[in-house]
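The primary structure of each chain is shown beneath.
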Amino acid sequence: MTRSTGEMSDALTVQQIADAITNAIREGRLAPGQRLTEIDFAKKLDVSRPSVREAFRQLTSDGLLHSQPYRGVSVRHMTRREVDDLFTVRGALEGLAVRLATPALAGTISPLEDIQTALDAAEASRDLNAMSQHNLAFHMLFADVSKNELLREQLRRIANNVYWLQFRVLVADEKVLATNATHRDLLEAVRANDPKHAEAIMIAHVDQSRQLVQALSDDHFANPQAD
């Protein structure tokens, strides 16, 4: 588990620094387009600047940060088209993960059931933060169980890139709560050990999120003409 800023020390690895920055973006403490500096994070996390620099490089490679000559590093702010492309690829990859994972999960369904129970409780209490956390766990479980490390890594990168849009924006009017019914449908398809049906449900589920995001106003996206 990533430690809080107050518990950070020189013992932090580059991956832990990258995780701390990723969590700050997910939690809305770092906004799309916000500039980041090595010295600020070195002081906040009590680590060396070279370690922060390497974490910046890793997150830039993942697509979460954006680096420009003479302008430094900033939280990536995607255009509407870039977000749409990400959701299109995400749907195909998550569908594949579900198809690969369904036979294994059908035999040991309790992990998926446990997450769904948590999702239902979050929906009932309208706990949007819990909803977003359990939703990510629900989706990543299929990638984990698929046993395909390349697939898992690509889905992790995509999830990091779209997280702030899918939840930190959508939760404002609670639209994300409406997506939980599809989770229950997917659970039933997996329980029935029907990989093709489960795959189709997941693809439609991701497209539902894509449409919700695309309905947002233009100020949530980067200007496609911007440098």
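A short tour of the structure in this document, coming up. What you are looking at is a predicted structure, and each value in this text was computed from that prediction instead of being measured.

A few points about the overall build of the protein
Move 1: If you tally the helices and strands in the protein, you get nine helices and three strands.
Move 2: Across the 227 residues in the protein, those meeting the buried criterion constitute 44%.
Move 3: Long-range pairs, those at least 24 residues apart, make up 74% of the contacts in the protein with a sequence separation of at least 6.
Move 4: Accessible area of the protein: about 11400 Å², with a carbon and sulfur share of 51%.

Quick notes on helix α4 (residues 80-107)
Move 1: Helix length check: α4 (28 residues) gives 40 Å between terminal C-alpha atoms against 40 Å at 1.5 Å per residue, within 8%.
Move 2: Along its length, α4 reaches its greatest deviation from straightness, about 50°, at Ala 101, and the proline Pro 103 lies no more than four positions downstream.
Move 3: Considered for burial, the residues of α4 that qualify are Val 83, Leu 86, Phe 87, Arg 90, Gly 91, Glu 94, Gly 95, Ala 97, Val 98, Ala 101, Thr 102 and Leu 105.

Some remarks on the sheet that holds strand β3 (residues 72-75)
Move 1: In space, the three strands of this open sheet follow the order β1-β3-β2, with antiparallel pairing throughout. At either end of the open sheet lies a strand with only one pairing partner, and these are β1 (35-36) and β2 (65-68).
Move 2: With two bridges joining them, β1 and β3 adopt antiparallel strand pairing. Within the sheet, the bridge partner assigned to Leu 36 lies in β3 and is Val 73.
Move 3: Sitting on the sheet, helix α3 (residues 49-62) touches β1, β2 and β3, and the angle it makes with β2 is about 105°.

Observations regarding the packing of aromatic side chains
Move 1: Applying the stated rule across the entire model yields two aromatic pairs.
Move 2: Judged by centre distance (5.9 Å) and plane angle (85°), the rings of Phe 41 and Phe 56 are edge-to-face. Residue Phe 41 is located in helix α2 (residues 38-45), and its partner Phe 56 is located in helix α3; the two are separated by 15 residues in the primary sequence.
Move 3: For Phe 41, a relative accessible area of 8% corresponds to the buried category.
Move 4: Overall, the relative accessible area of 4% leaves Phe 56 in the buried class.
Move 5: Plain terms: the ring middles of Phe 138 and Phe 142 are 5.6 Å apart, the flat faces sit at 70° to each other, and that makes the pair edge-to-face.

Quick look at the pattern of salt bridges
Move 1: Taken as a whole and assessed by the stated rule, the structure comprises 19 salt bridges.
Move 2: Among the salt bridges present, the one from Asp 85 reaches Arg 81, with a minimum N-O distance of 3.1 Å. With Asp 85 and Arg 81 both in helix α4, this residue pair falls four residues apart, about one helical turn.
Move 3: Classification of Arg 81 as exposed rests on a relative accessible area of 60%.
Move 4: The partner of Arg 156 in a salt bridge is Glu 153, with the nearest N and O atoms 2.4 Å apart. Note that Arg 156 and Glu 153 are positioned in helix α7 (residues 149-169) at a spacing of three residues, about one turn of the helix.

Re helix α6 (residues 128-145)
Move 1: Taking 1.5 Å per residue as the helical rise, α6 with its 18 residues ought to reach 26 Å, and the 26 Å between its terminal C-alpha atoms agrees with that figure.
Move 2: Considered for burial, the residues of α6 that qualify are Leu 128, Ala 130, Met 131, Ser 132, Asn 135, Leu 136, Phe 138, His 139, Met 140, Leu 141, Phe 142 and Ala 143.
Move 3: Taking the backbone nitrogen of Ala 130 as reference, a side-chain oxygen 3.1 Å away marks Asp 127 as the first, capping residue of α6.
Move 4: Two residues or fewer past α6, Lys 147 is found with a positive phi of approximately 65°.

Overview of the pairing of β2
Move 1: Note that β2 and β3 share four bridges and pair antiparallel. Within β3, the position partnered with Ser 67 by the bridge is Val 73.

Digging into the environment of Asp 185
Move 1: With respect to the helices and strands, Asp 185 occurs in helix α8 (residues 180-191).
Move 2: Along the chain, Asp 185 and Met 202 lie 17 residues apart, while their C-alpha atoms are 9.4 Å from each other.

A word on the side chain of His 139
Move 1: Turning to its location among the elements, His 139 is positioned in helix α6.
Move 2: In this structure His 139 comes out as buried when scored by relative accessible area, which is 4%.
Move 3: At 3.3 Å, the side chain of His 139 forms a polar contact with the side chain of His 205.
Move 4: Apart from residues no more than four positions distant in its own chain, His 139 is found in contact with Arg 90, Glu 94, His 183, Met 202 and His 205.

Scoring rules and cut-offs
Each chain carries its own residue numbering, running from 1 in the written order of its sequence. The predicted origin of the model limits local features to residues at a pLDDT of at least 70 and limits the giving and counting of side-chain atom pairs to 80 or more, whereas totals for whole chains, interfaces and linings rest on all residues. Calculation of side-chain values draws on the structure's entire complement of heavy atoms; hydrogens and water are dropped beforehand. Numbered from the N terminus, helices here are DSSP runs of H or I no shorter than four residues, and strands are runs of E no shorter than two. Burial here depends on accessible area, computed with a 1.4 Å probe over protein chains only, as a share of the maximum for the residue type. Under 20% is buried, over 50% is exposed, and the range in between is partly exposed. Any two residues whose heavy atoms approach within 4.5 Å are treated as being in contact. Using a 1.4 Å probe, accessible areas were evaluated by the Shrake-Rupley method; residue-level cover was limited to the displayed protein chains. Expected helix span is computed as 1.5 Å times (number of residues minus one). The angle between axes fitted to the seven-residue stretch ending at a residue and the seven-residue stretch beginning at it gives the bend at that residue. Pairs of strands are assigned from DSSP output, requiring at least two bridges between the strands. Fitted lines through C-alpha atoms give the axes, limited to the stretch in contact for helices. The angle between two N-to-C directions lies from 0 to 180 degrees. Aromatic contacts are taken between Phe, Tyr and Trp rings whose centres are within 6.5 Å, Trp giving its six-membered ring; a plane angle under 30 degrees counts as stacked, one over 60 as edge-to-face, and the others as tilted. For this document, the term salt bridge refers to a Lys or Arg side-chain nitrogen within 4 Å of an Asp or Glu carboxyl oxygen. As used in this structure description, the phrase polar contact means that two N or O atoms lie within 3.5 Å; if the pair is within protein, one of them must be able to donate a hydrogen and the other to accept it, and residues adjacent in sequence are counted only when both atoms belong to side chains.

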